[in-house]
Amino acid sequence: MSSSCTGLSRVLVAVATAVVSAASSCPQAWGPPGVQYGQSGRSMTLCCPGVTAGAPVSWSRDGETRLLQGPDSGLGHELVLALADSTDEGTYVCRTLDGALGGMVTLQLGYPPSRPVVSCRAADYENFSCTWSPSQVSGLPTRYLTSYRKKTVPGADGQRVSPSTGPWPCPQDPPGATRCVVHGAEFWSQYRINVTEVNPLGASTRLLDVSLQSILRPDPPQGLRVESVPGYPRRLRASWMYPASWPRQPHFLLKFRLQYRPVQHPAWSMVEPAGLEEVITDAVAGLPHAVRVSARDFLDAGTWSAWSPEAWGTPSTGPLPKEIPAGGKPYTQPKENPQMDSPAPPRPSLLPDPRPLDHRDPLEQMAVLASLGIFSCLGLAAGALALGLWLRLKPDGKDGHQKPGFLAPMIPVDKLPGAPNL
């Protein structure tokens, strides 16, 4: 009984709506009053808003005296424009038989809505946002309806819609913007995003399935600092912080990668630090370096973040810091007054240098040369020993008495004490 009553009520509502539409002299405007919208290249029918349906009126363009349609056209209060284009846009004036102003209508042409282009991104493991843009500009007032729901696991029970799976509205932040935010999402769940573009000529919907694991992309690290290491002309210390949007939890950490280069060279070197700082040990002495860093989920979910803004630093050119004596003040060498005729020390040029980088240290080169010398001496000694053994053990080649072998005793047997005389 209740189902039949519900169906009857729906029929009554539909009939009432049709009666109201037929009684209205003009269709309900989608936007501001007095504006009518249409599709470019299609026929358009304008109606005079200030008269009753069917009353004869005359039509003209605003500011023109030439009539577009007289009251004897038989079309009553309507004006038909065949294949309207951009030249037909503007304001139209309708007047009654006595010349009184019946109303004014502004025509604006455009195109029906198209399916919007939607993309989603999660800056942390609890919230994600979706942005969209029209795939085709309609030229008409447009608004977007956004919602989302949690996808269920396929199965007999999983296919049923329940309040725990939505749909829920995806609030646009700020209202009217092309962006909506979902708060309190589940990291291991999948969601379906619904973005519908609506304008006076219709609506078009785009559905997008997303999971936080695939769309996770943290914000770039913050607070990047690059400092020199006193006494080490080839070292720089870089430090940074987690992005403010990432809640630090023991089971959701970030890993980092760091790039650096001298500012006059285009090629980047890259390392993956183990924490929130890194000491660069192969910087080019005397040259400023650019450093940047990015972040990613520790378990490789999602993608790497964008690079942070670059920070610059120059390796130290001074000596090692001296230790402070116990109970005393650190010794500081008095500064010498610079002479007027002494040339100023040259500053490093920031122009691109076409020469390749040379990261070799003079101490490393000396160590390599010493190692090569030691190995050469050992090789010569081994070769001399092998040659001596071969000469001792080589047979004489004559038929006479052969020389004793290398291991034969050096004292004759007949000279040994206690040996019998034969």
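Refer to the structure presented above.
Per chain, the residues get numbers from 1 upward, laid out in the order the sequence is written. Only residues with pLDDT of at least 70 get local features here, since the model is predicted, and only at 80 or more are side-chain atom pairs given and counted; chain-wide, interface and lining totals rely on the full set of residues. Calculation of side-chain values draws on the structure's entire complement of heavy atoms; hydrogens and water are dropped beforehand.

We now examine the overall build of the protein. Numbering of helices and strands runs from the N terminus; a helix is a DSSP stretch of H or I covering at least four residues, while a strand is a stretch of E covering at least two. Within the protein one finds three helices and 21 strands. We call a residue buried when its accessible area falls under 20% of the maximum for its residue type, exposed when it is over 50%, and partly exposed in between, using a 1.4 Å probe and counting protein chains only. When burial is assessed residue by residue, the protein has 29% of its 422 residues classed as buried.

Read from one edge of the open sheet, five strands run β1-β7-β6-β3-β4, paired in mixed fashion. Strands at the two margins of the open sheet, each flanked by one partner only, are β1 (35-39) and β4 (67-69). The sheet shows a mean angle of 35 degrees between the axes of neighbouring strands, direction not considered. When DSSP locates at least two bridges between a pair of strands, those strands are taken to pair. Note that strand β6 (residues 90-95) and strand β7 (residues 101-110) share six bridges and pair antiparallel. Its bridge partner being in β7, Thr91 is matched across the sheet by Thr106. Structural elements are reduced to axes, namely lines fitted to C-alpha atoms, with helices fitted over the stretch in contact, and the angle between N-to-C directions of any two is expressed from 0 to 180 degrees.

Should a side-chain nitrogen of Lys or Arg be within 4 Å of a carboxyl oxygen of Asp or Glu, the pair is scored as a salt bridge. Tallying each qualifying case throughout the model produces six salt bridges. Lys150 is paired through a salt bridge with Glu186; the nearest N and O atoms lie 3.5 Å apart. Taken together, the residues Lys150 in strand β10 (residues 143-150) and Glu186 in the loop between β12 (179-182) and β13 (190-199) connect sequence positions 36 residues apart. By relative accessible area, Lys150 is classed as buried at 18%. Overall, the relative accessible area of 39% leaves Glu186 in the partly exposed class. For Asp209, the salt bridge goes to Lys151, with nearest N and O atoms at 3.2 Å. Of this pair, Asp209 sits in strand β14 (residues 202-211) while Lys151 sits in the loop between β10 and β11 (168-169), and the two are 58 residues apart along the sequence.

We now examine the sheet that holds strand β17 (residues 254-262). The strand order β18-β17-β20-β21 describes an open sheet built from four strands, whose pairing is antiparallel. One side of each edge strand has no neighbouring strand; the edge strands of this open sheet are β18 (269-271) and β21 (311-313). Between one strand and the next, the sheet's axes are offset by a mean angle of 30 degrees, whatever the strand orientation.

A pair of Phe, Tyr and Trp rings is counted when the ring centres sit within 6.5 Å of each other, with Trp represented by its six-membered ring. The angle between the planes then sorts it: under 30 degrees is stacked, over 60 is edge-to-face, the rest tilted. Under the criterion given, the structure shown has ten aromatic pairs. Look at Phe187 and Trp188: their rings are 4.8 Å apart centre to centre, the planes differ by 85 degrees, and that puts the pair in the edge-to-face class. A residue is classified by how much of its surface remains accessible, and Trp188, at 65% relative accessible area, is exposed. Ring pairing ties together the aromatic residues Tyr125, Phe187, Trp188, Trp246 and Phe252, which thus form one cluster. The ring of Trp268 carries Arg261 above its face, with NZ or CZ at 4.6 Å from the centroid. Look at NZ for Lys and CZ for Arg. If either is within 6 Å of the ring centre and within 35 degrees of the ring normal, a charge sits over the ring. Looking at Arg292, its charged tip hangs above the ring of Trp268, at a distance of 4.1 Å from the centre.

It is worth spelling out the side chain of Gln36 at this point. Along the chain, the position of Gln36 falls in strand β1. At a separation of 2.7 Å, a polar atom in the side chain of Gln36 contacts the main-chain carbonyl oxygen of Thr45. The contact criterion used is simple: two residues touch if any of their non-hydrogen atoms lie within 4.5 Å. Discounting residues that sit within four places of it in the chain, Gln36 has contacts with Met44, Thr45, Leu46, Cys47, Val105, Thr106, Leu107 and Gln108. Each polar contact in these results corresponds to two N or O atoms within 3.5 Å; when the atoms are within protein, one needs to be able to donate a hydrogen and the other to accept it, and residues that are neighboring in sequence are counted only if both atoms are side-chain atoms.

The subject of this paragraph is the state of the cysteines. By definition, disulfides here are pairs of cysteine sulfur atoms that lie within 2.5 Å. Using the criterion set out here, one finds three disulfides in the structure. Two residues share a disulfide in this structure: Cys48 and Cys94, whose sulfurs sit 1.9 Å from each other. Taking the sign of the S-S torsion, about 65 degrees here, the bridge from Cys48 to Cys94 comes out right-handed. With a gap of 46 residues between them, Cys48 in the loop between β2 (44-47) and β3 (58-61) and Cys94 in strand β6 connect regions that are remote in the sequence. The same class applies to Cys48 and to Cys94, which are both buried. Note on cysteine connectivity: Cys120 is disulfide-linked to Cys130, with sulfurs 2.0 Å apart. Between Cys120 and Cys130, the disulfide has an S-S torsion of 100 degrees and is therefore right-handed. In this pair, Cys120 sits in strand β8 (residues 117-121) while Cys130 sits in strand β9 (residues 128-133), placing the two residues ten residues apart along the sequence.

To continue, consider the environment of Ile215. Tracing the sequence through the fold places Ile215 in helix α2 (residues 212-215). Each C-alpha atom of the pair Ile215 and Cys120 lies 6.6 Å from the other, and the pair is 95 residues apart in sequence.

Attention now moves to a nonpolar patch on the surface. Surface patches are defined over residues having more than 30% relative accessible area and no salt bridge, joining like charges when they lie within 9 Å and nonpolar side chains (Val, Leu, Ile, Met, Phe, Trp, Tyr) when within 5 Å. For the accessible areas, the method is Shrake-Rupley and the probe is 1.4 Å, while residue cover comes only from the protein chains on display. On the surface, Leu253, Phe298 and Leu299 cluster together to form a nonpolar patch covering roughly 320 Å² of accessible area. By the secondary structure assignment, Phe298 is in the loop between β20 (289-297) and β21.

In this section: the pairing of β10. The side-chain alternation of β10 yields one buried face, formed by Tyr144, Thr146, Tyr148 and Lys150, and one unburied face, formed by Arg143, Leu145, Ser147 and Arg149. Direction of pairing for β10 relative to β13: antiparallel, over a ladder of eight bridges. Counted as the bridge partner of Tyr148 is Ile193 from β13. With two bridges connecting them, β10 and β11 associate as antiparallel partners.

A few words now on the environment of Val210. Within the fold, Val210 resides in strand β14. For Val210, a relative accessible area of 6% corresponds to the buried category. Between the alpha carbons of Val210 and Tyr191 there is a distance of 5.4 Å; along the sequence they are 19 residues apart. Among all residues touching Val210, those that are not within four sequence positions of it are Cys120, Phe128, Ser189, Gln190, Tyr191, Ile193 and Ile215.

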